[in-house]
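These are the residues of each chain, in order.
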Amino acid sequence: MKKFLALSALVLTVGCMSTAPTATPTAVTPILDKRLVTESGTVFMINSDGTMGGEWRGEAIAGTYTATATEICSDLTAPAKIAGERCSVPVIANGTVIFNRRDGSQSPVYTIEG
């Protein structure tokens, strides 16, 4: 009986142990927390905490996003001119990224800094 109780306690202890979650890479993992800058001076950041920020035509960018292995979907709240939801596929190459949008259009070329 003692062996059974000891084994049960061991199983319960091991079963309750937690491990840190493993982050699954997404389409934006290589550009998280980096400045994305266009030739015209737009600065865009996709932050690892799920927020987005930067500056567009002198106005602060604010919003959130979700990402899968192939796509990012953003929900920008500011500035009003670009606010809204949109999804795109980032194409990262040679220190730059372009976002291919679902509607067939493309973002400007962003240089990846830092």
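Scroll up to find the structure.
What counts and how
- Residues numbered from 1 in each chain as written.
- Predicted model: local features only at pLDDT ≥ 70, side-chain atom pairs only at ≥ 80, totals over all residues.
- Heavy atoms only, no water.
- Phe/Tyr/Trp six-rings, centres within 6.5 Å; stacked < 30°, edge-to-face > 60°.
- Helix = DSSP H or I, 4+ residues; strand = E, 2+ residues; numbered from the N terminus.
- Buried < 20%, exposed > 50% of the residue type's maximum accessible area, 1.4 Å probe, protein only.

A. Structural view of the packing of aromatic side chains. Following the criterion strictly, the structure yields two aromatic pairs and no others. Measuring from ring centre to ring centre gives 6.0 Å for Phe44 and Tyr110, while their planes differ by 35°; the resulting arrangement is tilted. Pair noted here: Phe44 is in strand S2 (residues 43-46) and Tyr110 is in strand S8 (residues 110-113), with a separation of 66 residues, a long-range link. Both residues of the pair, Phe44 and Tyr110, count as buried. Arranged with centres 5.9 Å apart and planes meeting at 80°, the rings of Phe99 and Tyr110 form a pair that is edge-to-face. With Phe99 in strand S7 (residues 96-101) and Tyr110 in strand S8, this pair connects stretches of sequence that are 11 residues apart. For the pair shown, Phe99 and Tyr110 are each scored as buried.

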